[in-house]
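Each chain, written out:
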Amino acid sequence: MSGHSKWHNIQKTKGAADAKRSQIFTKIAREMIVAVKSGGSGDPNNNSRLAAVIAKAKAANMPNDNIKRTIDRALGSGNADSFESVVYEGYGPCGVAVIVEALTDNRNRTAPEVRHYFDKYGGNLGATGCVSWSFDQKGVIVIEHEDLDEDTMMMDALDAGADDMQSDNDCFEITTSPEVFSDVLAKLEEKGYTFASASVDMVPQNYVKLENPEDIKNMEKLIELLEDNDDVQNVYHNWDQVE
């Protein structure tokens, strides 16, 4: 597995993520509420979008009670109706492709904030579709190595319906099509595996290296500000962060 893997990014930001656990849970809860509303069901067996969000919540160690309360709240309220999904696309320093997924109740607030981050840190916001063509949507499941056997892990992943598995010294990274992501996750969970991360992501087809320290600093700051924004759910980019 190359150094620009999802796990590499998780390791780089784990300390910060731990410190922002409450914010992470709040964002996942919002995503869960919208998934229930849009899918018309609080049952993940009948709502694939909800199933994917629940998987993401479990991988982030969101307590089951929180998940249940969030679903119950979504089923009993209308306060998610005003949220809409918005995707922004643009370029960071040196043409790094960036996709920003947001859930917002006010586009007039979110769009200028996102544009400001890009402009301030050496990038620019582009038109819809300007970079998404260079990403593929995939389910990505990360499992820490611990004492697991690689051949057994590969067999279990493929038997569960995964497309591929890669390994490095720290983890296994399993990829699936979005359509079978929830099924693969459930089958691996039944086998006793626990997940460091699990979500349907936009995976880059190629990566950009940054050599200039100032560009690296600006890219780090751009990602940090985007991820800290309450309206932003996910940030994807093709920056190869190998150091």
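Our subject is the structure listed above.
In what follows, the accompanying structure is described.

Reading the values: rules and limits
Residues numbered from 1 in each chain as written. Predicted model: local features only at pLDDT ≥ 70, side-chain atom pairs only at ≥ 80, totals over all residues. Heavy atoms only, no water. Helix = DSSP H or I, 4+ residues; strand = E, 2+ residues; numbered from the N terminus. Buried < 20%, exposed > 50% of the residue type's maximum accessible area, 1.4 Å probe, protein only. Contact = heavy atoms within 4.5 Å. Pairing = 2+ DSSP bridges. Axes fitted to C-alpha atoms, helices over the stretch in contact; angles between N-to-C directions. Salt bridge = Lys/Arg side-chain N within 4 Å of Asp/Glu carboxyl O. Core = buried A, V, L, I, M, F, W, Y, C linked by side-chain atoms within 4.5 Å. Expected span 1.5 Å × (residues − 1). Parallel < 35°, antiparallel > 145°, perpendicular 65-115°, else oblique. Left-handed = near helix turned anticlockwise from the far one by under 90°. Nonpolar A, V, L, I, M, F, W, Y, C, P; charged D, E, K, R; others polar.

1. Some details on the environment of Gly-90
With respect to the helices and strands, Gly-90 occurs in strand E1 (residues 84-91). Judged by relative accessible area, Gly-90 falls into the buried class, the value being 0%. For the pair formed by Gly-90 and Cys-130, sequence separation is 40 residues and the distance between their alpha carbons is 7.0 Å. Those residues in contact with Gly-90, other than ones at most four positions away along the chain, are Val-96, Ala-97, Val-98, Phe-118, Asn-124, Leu-125, Gly-126, Cys-130 and Val-131.

2. As for the sheet that holds strand E4 (residues 135-144)
Within a sheet, each strand pairs with its neighbour through backbone hydrogen bonds, oriented either parallel or antiparallel. A sheet is described by the order of its strands in space; here four strands give the open sequence E5-E6-E4-E7, paired in antiparallel fashion. The open sheet is flanked by strand E5 (164-167) and strand E7 (197-204), the only strands paired with a single partner. Within the sheet, the average angular offset between the axes of one strand and its neighbour, ignoring direction, is 30°. Note that E5 and strand E6 (residues 171-176) share four bridges and pair antiparallel. Bridging across to E6, Gln-166 finds its partner in Glu-173. Where helix H7 (residues 181-190) meets the sheet, it contacts E4, E6 and E7, and its direction lies at approximately 10° from that of E4.

3. Focus on the pattern of salt bridges
Counted by the stated rule, this structure contains nine salt bridges. In this structure, Arg-30 engages Asp-231 in a salt bridge whose closest nitrogen and oxygen atoms are separated by 3.4 Å. Here Asp-231 lies in the loop between helix H8 (213-228) and strand E9 (232-237) and Arg-30 lies in helix H2 (residues 21-39), a separation of 201 residues in the sequence. Judged by relative accessible area, which is 4%, Asp-231 ranks as buried. As a salt-bridge pair, Asp-72 and Lys-68 come within 2.9 Å of each other at their nearest N and O atoms.

4. Structural notes on the nonpolar core
Of all hydrophobic cores here, the largest spans 20 residues; its most connected members are Val-98, Phe-118, Met-219 and Leu-226. Sorting the residues of this core by element identifies E1, strand E2 (97-104), helix H5 (107-120), H8 and E9 as the ones contributing at least two each. Leave out the neighbours within four places in its chain, and Val-98 touches Tyr-88, Glu-89, Gly-90, Gly-92, Phe-118, Val-131, Met-219, Leu-226, Val-235, Tyr-236 and His-237. Counting 19 residues, the second-largest nonpolar core is a separate cluster that includes Met-153, Ala-160, Phe-172 and Phe-181.

5. Comments concerning the environment of Val-142
Residue placement: Val-142 occurs in strand E4. According to the relative accessible area criterion, Val-142 is buried, its value standing at 0%. Sequence separation between Val-142 and Ser-199 is 57 residues, and the spatial gap between their C-alpha atoms is 9.2 Å.

6. Brief notes about helix H3 (residues 48-59)
For H3, built from twelve residues, the straight-helix expectation of 16 Å at 1.5 Å per residue is met to within 8% by its first-to-last C-alpha distance of 17 Å. In terms of residue burial, H3 counts as a mostly covered element, since nine of its twelve residues are buried. Residues of H3 that are buried: Leu-50, Ala-51, Ala-52, Val-53, Ile-54, Ala-55, Lys-56, Ala-57 and Ala-59. Check the buried side of H3 and you find it contacts H2, helix H4 (64-76), H7, E7 and E9. Directly beyond the C-terminal end of H3, a positive phi value near 65° is found at Asn-61.

7. Here's the deal with the packing of H3 against H7
Close contact between H3 and H7 brings their axes to 9 Å; oriented N to C, the two are set at 45°. Taken as axis vectors, H3 and H7 run oblique relative to one another. Here the hand of the crossing between H3 and H7 comes out left-handed. On the side of H3, the interface is formed by Ser-48, Ala-51, Ala-52, Ala-55 and Lys-58, while H7 contributes Phe-181, Ser-182, Leu-185 and Glu-189. Among the residues making up the contact of H3 with H7, the classes are represented as five nonpolar, two polar and two charged.

8. Details of the sheet that holds strand E3 (residues 124-125)
Spatial strand order, E3-E1-E2-E9: four strands in an open sheet with antiparallel pairing. The sheet is open, and its two borders are formed by E3 and E9, each paired with just one other strand. When E2 meets E9, the two strands line up antiparallel, connected through five bridges. Across the sheet, the residue bridging to Ile-99 is Tyr-236, located in E9. Contacts from H2 reach E2 and E9, with the element oriented near 100° to E9. Each of E2 and E9 is contacted by H8, which is oriented at about 155° to E9, the strand it contacts most.

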